[in-house]
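Below are the chains, spelled out letter by letter.
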Amino acid sequence: MNVDDIEAVYEIETQSFATPWLKESFHNELTQNHFAEYLVVEFDQKIIGYCGLWIIMDEAQVTNIAVLPDFRGNKIGETLLKQAIGMAKEYGAGKISLEVRVSNHIAQSLYTKLGFQPGGIRKRYYTDNGEDALVMWVKLK
């Protein structure tokens, strides 16, 4: 992902999350955060999905992952997450974690399929409705 992709990624973000990140947040991630790596997937020259990752020393954190609604159910999210896991391994991360809404069973199913396990709960993590987040992680080595 590069700064030219921000508009398209922001479109995906607003269609996917109740409290989307600001465009400026993505710009800062790409230009200021040396720990951030972002991947996009394109179809017919249109960005249809993205995944963000922070890699700090031997740990990685998925910041966000989303696919345009019309393209969901086609394993695009799975492909993005597999690529992010591969990237984390290349950078020497020994584990990767993420947060997911406790009600988002579809995403949890994908994460479980890729080896993630529940690791705890972050109470009232989501600011839009106070929903808890399930922390999931997987060891990479």
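Going by the structure above, here's the rest.
Residues numbered from 1 in each chain as written. Predicted model: local features only at pLDDT ≥ 70, side-chain atom pairs only at ≥ 80, totals over all residues. Heavy atoms only, no water.

A.B. asks: Can you tell me about the overall build of the protein chain, naming the residues and giving the values?
C.D. replies: Looking only at helices and strands, one finds four helices and six strands in the protein chain. Reading the helices (α) and strands (β) of the protein chain from amino to carboxyl end gives α-α-β-β-β-α-β-α-β-β. A globule of 141 residues ought to have a C-alpha radius of gyration of about 14 Å, and the protein chain, at 14 Å, matches this closely. The C-alpha extent of the protein chain, read off along each of the three principal axes, is 35 × 35 × 30 Å. The long-range share in the protein chain, meaning contacts at least 24 apart out of those at least 6 apart in sequence, stands at 55%. Carbon and sulfur atoms provide 50% of the accessible area of the protein chain, an area that totals close to 8200 Å². Between the mean site of the 14 positive side-chain charges and the mean site of the 19 negative ones, the protein chain shows a separation of 10 Å. (Helix = DSSP H or I, 4+ residues; strand = E, 2+ residues; numbered from the N terminus. Rg over C-alpha atoms; globule rule 2.2 N^0.38 Å. Contact = heavy atoms within 4.5 Å. Areas by Shrake-Rupley, 256 points an atom, 1.4 Å probe, with all protein chains shown as cover. Lys, Arg positive; Asp, Glu negative; His and termini not counted. Charge placed at Lys NZ, Arg CZ, Asp CG, Glu CD.)

A.B. asks: Explain helix H1 (residues 6-16) to me, using residue names and the numbers behind them.
C.D. replies: Taken as a whole, H1 has its buried residues at Ile6, Val9, Ile12 and Glu13. For H1, the angular spread of buried residues about the axis comes to 125°, placing them on one side. In this structure, the buried side of H1 is in contact with helix H2 (23-31), strand E1 (36-43), strand E2 (46-56) and strand E3 (59-67). (Buried < 20%, exposed > 50% of the residue type's maximum accessible area, 1.4 Å probe, protein only. Arc of directions from axis to C-beta.)

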